[in-house]
Amino acid sequence: MLTKFETKSARVKGISFHAKRPWVLASLHNGVIQLWDYRMCTLLEKFDDHDGPVRGIHFHIQQPLFVSGGDDYKIKVWNYKQRRCLFTLLGHLDYIRTTFFHHEYPWILSASDDQTIRIWNWQSRQCISVLTGHNHYVMCAQFHPTEDLIVSASLDQSVRVWDFSGLRKKSVAPGPTGLADHLRNPQATDLFGQSPLLLQADAVVKHVLEGHDRGVNWAAFHPTLPLIVSAADDRQVKLWRMNDAKAWEVDACRGHYHNVSCALFHARHELLLSNSEDKSIRVWDMTKRTCLHTFRREDERFWVLSAHPTLNLFAAGHDAGMVLFKLQRERPAYAVHNNTLFYIKDRQLRKLDMQSHKDSPVMQIKGGGRVQPYSMSLNHAEWCVLVSWRAGDTHTYELYAAPRDEGAAPAVEPLRGHASSAVWVARNRFAALEKNNQLVIRNLKNEVSKKIATPNCDEIMYAGTGMLLLREPDAVQLLDVQQKRTVATLKLSKCRYAVWNADMSLVALLGKHTVTICTRRLEQLCTVTEGARVKSGAFDDSCPQPVFIYTTANHIKYCCKDGDYGIIRTLDVPVYVMRVLPAPNGGAARVVCLDREAKPKVLTIDTTEYRFKLALVTRQYEQVLHMVRTAKLVGQSIIAYLQEKGYPEVALHFVKEPRTRLSLALACGNIEAALDAAKSLDDAAAWDRLAEAALQTGNHQIVEMCYQRTKNFDKLSFLYLITGNLDKLRKMMKIAEIRRDVSAQFQGALLLGDVTERIRLLKNAGQLSLAYLTAINHKQLEEAEQLRAALEAANLPVPAANPDAVFLRPPLPVARAQPNWPLLAVSKSLFEVASAGAGGAGGAVAAVTDEPLEAAGAWGDDEDVLAENKEDGEEAAAEDACSDGGWDVGDDDLELPEELAPVSANMDGEEEQAYFVAPTRGAGLAMAGTLRIAHDAVALGQFEMACRMLNEQVGIVNFEPYVDTFTSMFACARMQFGALPALPPLTALLPRPTDKDRLPVVTVKLNDLVAQLQQSYVLTTGGKFTEAAVVLRRVARAVPLLVVETRQELAEAQQLLAICADYLLGLQMETARKAMPKNTLEEQKRTCEMAAYFTHCKLQPVHQILTLRTALNMFFKLKNYRTAASFARRLLELGPRPEVAQQARKILQACEKSPTDEHQLLYDEHNPFSICGLSYTPIYRGKPEVKCALCAASFLPEHKGKLCPVCGVAEIGKDVLGLRICPLQFQR
């Protein structure tokens, strides 16, 4: 008997298994009903509503119901989902012994000490029949599994079989045959004119079985055969056979020496089970009527026995609780070689090709009797099989020589021996563990060739050629059979099985509830503890690292060698894994299994989760990215795993919930994503967390926004102080005045050094003495005299001024309102590098790819174009939306012919996002080196040398705009720290990481300038030309102060400078055009020329579209249709929005009807030209021109030597060395 689960409680009088779930009900002598989960060994629920012992209990086969009957004469029907009693059936007059549901009808069968059997309809809650005939207590009554029969047992020493077909015909709608008979003869009556249905009794006694000498305690039907078993107080178990005419005793099983409480049939084998008050459970052979096994307990009498409807599982109730058990082991014996599975089923060795699923017999297995084989070991080289048997205390093995041809009989009888385990250790040797714990090595003739003493070993397992795993009570040893020595030892208790991977580099040691993965030398890698029992396992060797796939009683799970584990799928019934077959196309894998009936099964499993984890562990980020985009990886478990393992940037791709996204974004330093999440949440806690993280990365602009959202005025004031933003600090003081927060107002005045304001605040607060001291100490003599007079008038003492008083002067900020601090260099994570590579890498100078739906700001300031869309009385918009002019893309007042053909257009776009993480801090070094780049000279404070370099390299002559830039760079290149409390802080230079010349840290970076260029794009799109020009000019001036390492970065910096020059020239020219008068024809022609020149500036497509729309409208109004048609074609080539494309096609159709220009302009689109940055006139190819030394803007020769108006700092036409910002430029 294999005990699976045991409970401790009061005496158990009734037991019932659930048909589908792993549940069992136990009714106790103290009136409590317990609901147990026998897989997890946990008590799920208690039901306590009976007064006195509960003897009858039964689950309904389909509904969430169970019925109970007790000594309180009550039958109760319960709903276990609602955890309550639904109703009570009353009618019995004495103790109720058993209660059973019918498997099909809505009936309950009850047996009672009132000598009756009752049938109840639990739907109508009525008693529909009372069966009388017994003249003593009715101890048991049960329905037949398939027929309309009832068997009952009574203390009147009889067993009765009842036929209730009459009750079925009355109470239940007729079946197919009954309905046919009724329709054939609906008016059939008997001799007296009555229907036979009305005369038929509800239930009649079909058989009375008499043969017991004392009262009968139990009777039960066989599931399929016409047999009945009964158990009585005469200590006998009797077997009865019946047919339609009679019933008779077949035989009696004698062996119990006290009252037999219960007996039942085994559903799958020819066995009987019985238990008794003699404290034993006995298993009987039905054919021989002999006792096969006896299981005894020390002090507990047995009272009830129950079998699971479908599984090989039994339960017995005794004085101290309940025990669940199996009669024999259900694990099939199997062995795997390559893609072939060998297994034993029904005394037959079979083999299954796991690729083609071909299953064929190999040979018959002879030994073992009724016992299933315990295990088998295959020698594929010699085609021999070792089969081990364990029947009680008898342990044997058989050695078979398997036939090479399928279906052939074995050539000779198997060789046998006594040993608890037998496994192959070499091609012609196998090891057998004998009872005296001696390990014997035998050859193919079963002859002893070697003996090894293993005093504590109780099991041996295969470990490769010449090696064995020896299981001891608290350890596992790796034994070298040839050298007779222990190679390795692992402390592990109760190991049951060992599973090796394909190359024998890893082994999984399976315990009852544990999985331990070790190396070849038993070095423990990880251990997983399970709540349910571990059944089997196999390695998936198709992954970068082998993954162990194992089964428990109700799940298929995985375990990686680094300790990660999880659930793959659930199981209805336990299975035993043989092999994991990877899918050919990388999809769902397949698992070849055997069930408990040794039937091969192939289950599909989803390997995405553990392959995803392995890809992270092995840093295969391209595969991670592919799985993120294609696989359905969701759930809190994967998010928690990624956070735990330090991959928050990967987890960020799975999460949509804002609060979780905020946490993950802050963990990986992605301030942009955190900002989006905080905006979605919009609560104080989220803004505070974002402000703290942004402050640590130096992004004080986001910190400012967070403090503004939370109205944290104190922190906001301090932020403005430390960033040098004195204008906003003054605004904070005004806000404090509006809020009537005098304390904050005084602090703001103190930080600003505003003495007058502080005096005013103290005077208004009535603190005249403090106001006087403030005025006299800060030499505000006039104010001090007035306060002195006020003090004397109020008869208050006038405090004396302190001659040693020190002025409270706040330090002036070095750099005022500077952009975000360059405190931390920002680098992409490895995952984001893979993501960028997969998504398509872009250049350092980003481009604007999407045209705005509406050009904001000054883009649409001129007259509208479409006259037919104007309503009566509507005036054309003539005023500019911004003071600096803007884009003239309005086309509502163009007079287009109404008969134009309909046109259409289309466009699409994409956008990308980038995520970043902050790096670890570096260490400081001393500073030295040769200065050849202007940036290094500025960072070291060598301003004069830097100015000379900039003049020689890019011709800069106006250094006034560089004052703040030089100061900021000098400050960013050094740090201050306190040495001793009494000394001023020490200053140290920050070195450039990984630089052997120990040059200063880079303070101006290409990525920062690209970000500012993007900002200028946004401003340009919005029509804020003046603000955009300020940003572009700042970027162009900062390019000579860059330091880049590669030639690619050098080319990107030069490209950045060219983009800035083109935009600056175009925006300045457009601003000048907007400011020009448009009264005369010549003035209108000049504005049209400048609009046409603007279309030849090298702008981004979205801005080029806007310039072309402006020129198109102006030339169409000027009736220069040929040139307007050219602009329309260029516009359509850029792929504008559908409505813009439709309008352009209409204008093009109108222009093509009269393709002429009415006015002659200084504009030739077919002759390449550049634009003079001062006169805004074309300089055609071949004409003399001079260029700015920095921005390369073109000018007429007469402007040589002047200051470039485009960049504002360089001299036009100066001979220079060129841009020098890369160390590679100085190599020869």
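Keep in mind that what you see is a predicted model, and the values were worked out from it rather than measured.

About the criteria used
Residues numbered from 1 in each chain as written. Predicted model: local features only at pLDDT ≥ 70, side-chain atom pairs only at ≥ 80, totals over all residues. Heavy atoms only, no water. Helix = DSSP H or I, 4+ residues; strand = E, 2+ residues; numbered from the N terminus. Buried < 20%, exposed > 50% of the residue type's maximum accessible area, 1.4 Å probe, protein only. Contact = heavy atoms within 4.5 Å. Areas by Shrake-Rupley, 256 points an atom, 1.4 Å probe, with all protein chains shown as cover. Axes fitted to C-alpha atoms, helices over the stretch in contact; angles between N-to-C directions. Parallel < 35°, antiparallel > 145°, perpendicular 65-115°, else oblique. Left-handed = near helix turned anticlockwise from the far one by under 90°. Nonpolar A, V, L, I, M, F, W, Y, C, P; charged D, E, K, R; others polar. Arc of directions from axis to C-beta. Pairing = 2+ DSSP bridges. 1 Å grid on protein atoms, 1.4 Å probe; cavity = no way out; pocket = protein on both sides within 12 Å on 5 of 7 lines; lining within 4 Å. Points joined across faces, edges and corners; volume = space filled by probe spheres on them. Phe/Tyr/Trp six-rings, centres within 6.5 Å; stacked < 30°, edge-to-face > 60°. Lys NZ or Arg CZ within 6 Å of the ring centre and 35° of its normal. Salt bridge = Lys/Arg side-chain N within 4 Å of Asp/Glu carboxyl O.

Enquirer: Could you clarify how one ought to interpret the overall build of the protein chain in this entry?
Expert: Along its length, the protein chain carries 28 helices and 63 strands. Here the protein chain, with 1228 residues, has 50% of them falling under the buried criterion. Intrachain contacts of the protein chain at a sequence separation of at least 6 include 52% that bridge at least 24 residues. Surface summary for the protein chain: the accessible area is close to 58,600 Å², and the carbon and sulfur share equals 50%.

Enquirer: Hey, could you run me through the packing of helix H12 (residues 713-722) against helix H13 (residues 726-739) in this one?
Expert: Between two packed helices, both the angle of their axes relative to each other and the distance between the axes serve to describe the pair. One can describe the packing of H12 onto H13 by two numbers: an axis separation of 9 Å at closest approach and a directional angle of 160°. One way to sum up the angle between H12 and H13 is to call them roughly antiparallel. The interaxial crossing formed by H12 with H13 has left-handed handedness. Counted together, Phe 713, Leu 716, Ser 717, Tyr 720 and Leu 721 of H12 and Lys 728, Leu 729, Met 732, Ile 735 and Arg 739 of H13 form the full contact between these two elements. Classifying every residue of the contact of H12 with H13 gives 7 nonpolar, 1 polar and 2 charged.

Enquirer: Would you mind showing me how to read helix H14 (residues 742-752) here?
Expert: Residues spaced three or four apart along an α-helix face the same direction, because each turn holds 3.6 residues. Taken residue by residue, H14 has Ala 744, Gln 745, Gly 748, Ala 749 and Leu 752 as its buried positions. Projected down its long axis, H14 carries its buried residues within an arc of 140°, all on one side. On its buried face, H14 is in contact with H13 and helix H15 (755-764). The first or second residue beyond H14 is Gly 753, which carries a positive phi of 75°.

Enquirer: Can you help me understand the sheet that holds strand S49 (residues 534-540) in this one?
Expert: Strands belonging to one sheet form pairs held by backbone hydrogen bonds; the direction of such a pair is parallel or antiparallel. Pairing within the open sheet is antiparallel, and its 4 strands lie in the order S49-S50-S51-S52. Looking at which strands have only one partner, the edges of the open sheet turn out to be S49 and strand S52 (565-570). Each strand axis lies, on average, 25° off the axis of its neighbour in the sheet, ignoring direction. Pairing of strand S51 (residues 555-560) with S52, which is carried by 5 bridges, proceeds in the antiparallel orientation. The residue bridging Tyr 558 from the neighbouring strand is Gly 566, located in S52. This element, helix H4 (residues 608-617), spans S49, strand S50 (547-552), S51 and S52 of the sheet and lies at about 10° to S51.

Enquirer: Before we go on, may I ask you to explain empty space enclosed by the protein in this structure?
Expert: One water molecule sets the probe size; rolling that probe over the atoms shows where empty space is left. One pass over the full model with this rule turns up 3 cavities of 30 Å³ or more. Within this model, the largest cavity holds a volume of roughly 250 Å³. In this structure, the largest cavity is lined by 15 residues; those nearest its centre are Lys 4, Tyr 38, Arg 39, Ala 553 and Arg 596. For the lining of the largest cavity, a count of residues per class yields 7 nonpolar, 2 polar and 6 charged.

Enquirer: Is there a simple way to explain the sheet that holds strand S21 (residues 247-254) in this structure?
Expert: What the 4 strands build is an open sheet, ordered S18-S19-S20-S21; its pairing is antiparallel. Looking along the sheet, the strands with just one partner apiece sit at the ends: strand S18 (216-221) and S21. Within this sheet the neighbouring strands show an average axis-to-axis angle of 20°, counted without direction. Pairing between strand S19 (residues 227-232) and strand S20 (residues 236-242): 5 bridges, direction antiparallel. Paired with Val 229 across the strands is Leu 239, a residue of S20.

Enquirer: Whenever I open this one, the side chain of Arg 97 confuses me. Can you help?
Expert: Summarising the element assignment, Arg 97 is placed in strand S10 (residues 96-101). We classify Arg 97 as buried; its relative accessible area is 16%. Not counting chain neighbours up to four residues away, the residues in contact with Arg 97 comprise Arg 55, Gly 56, Ala 111, Ser 112, Asp 113, Tyr 137, Val 138 and Met 139.

Enquirer: So what exactly am I meant to see when it comes to the pairing of strand S46 (residues 506-511) here?
Expert: Here is the key point about a regular strand: its side chains alternate between the two faces of the sheet. Taken across its 6 residues, S46 has 6 buried, putting it largely inside the fold. Residues Leu 506, Ala 508 and Leu 510 line one face of S46 and the alternating positions Val 507, Leu 509 and Gly 511 line the opposite face, and both faces are buried. Here strand S45 (residues 495-500) pairs with S46 via 5 bridges, running antiparallel. Paired with Trp 500 across the bridge in S46 is Val 507. Hairpin connection of S45 to S46: 5 residues between the antiparallel strands, including Met 504 at a positive phi of 60°. In this sheet, strand S47 (residues 514-519) lies alongside S46 in antiparallel orientation, the contact comprising 5 bridges. Residue pairing across strands places Val 507 opposite Cys 518, the latter belonging to S47.

Enquirer: Is there a simple way to think about unusual backbone geometry in this case?
Expert: Note on backbone geometry: most residues besides glycine have negative phi, and most peptide bonds are trans. In this structure, Gln 115 takes a positive phi of about 70° despite not being glycine. Here Gln 115 shows up in the loop between strand S11 (107-112) and strand S12 (116-121). Unusually for a residue other than glycine, Arg 347 sits at a positive phi of about 60°. Structurally, Arg 347 is set in the loop between strand S30 (340-344) and strand S31 (348-353).

Enquirer: Looking at this structure, I do not really get the packing of aromatic side chains. What am I missing?
Expert: By convention here, two paired aromatic rings are described through the distance between centres and the angle between planes. According to the stated counting rule, one finds 31 aromatic pairs in the structure shown. Aromatic side chains Tyr 962 and Phe 966 sit 5.7 Å apart centroid to centroid with 45° between the ring planes, which places their arrangement in the tilted category. Judged by relative accessible area, which is 2%, Tyr 962 ranks as buried. Since its relative accessible area comes to 5%, Phe 966 is described here as buried. The interplanar angle of 45° and the centroid separation of 5.4 Å between the aromatic rings of Tyr 1017 and Tyr 1063 together place this pair among those described as tilted. With a gap of 46 residues between them, Tyr 1017 in helix H22 (residues 1006-1021) and Tyr 1063 in helix H24 (residues 1047-1075) connect regions that are remote in the sequence. You'll find Tyr 1017 and Tyr 1063 in the same group, each marked buried. By the ring-pair criterion, three or more aromatic residues cluster together here, those being Trp 23, Phe 47, Phe 59, Phe 66, Trp 78 and Tyr 80. Across from the ring centre of Tyr 497, 3.8 Å away, lies the NZ or CZ of Arg 331, which sits over that ring.

Enquirer: Whenever I open this one, the pattern of salt bridges confuses me. Can you help?
Expert: Pairs may arise between side chains of opposite charge once their charged atoms sit close together. Tallying each qualifying case throughout the model produces 40 salt bridges. As a salt-bridge pair, Asp 319 and Arg 11 come within 3.1 Å of each other at their nearest N and O atoms. Taken together, the residues span a long stretch of sequence, with Asp 319 in the loop between strand S27 (314-318) and strand S28 (321-326) and Arg 11 in the loop between strand S1 (2-8) and strand S2 (12-17) at a distance of 308 residues. In this structure, Arg 83 and Glu 45 form a salt bridge, with 2.8 Å as the shortest nitrogen-oxygen distance. One end of the pair, Arg 83, is in the loop between strand S8 (74-79) and strand S9 (84-90); the other, Glu 45, is in strand S5 (residues 42-47), with 38 residues separating them in the sequence. Judged by relative accessible area, which is 23%, Glu 45 ranks as partly exposed. Taken together, the salt bridges that share partners define one network made up of Arg 390, Asp 458, Glu 459 and Arg 471.

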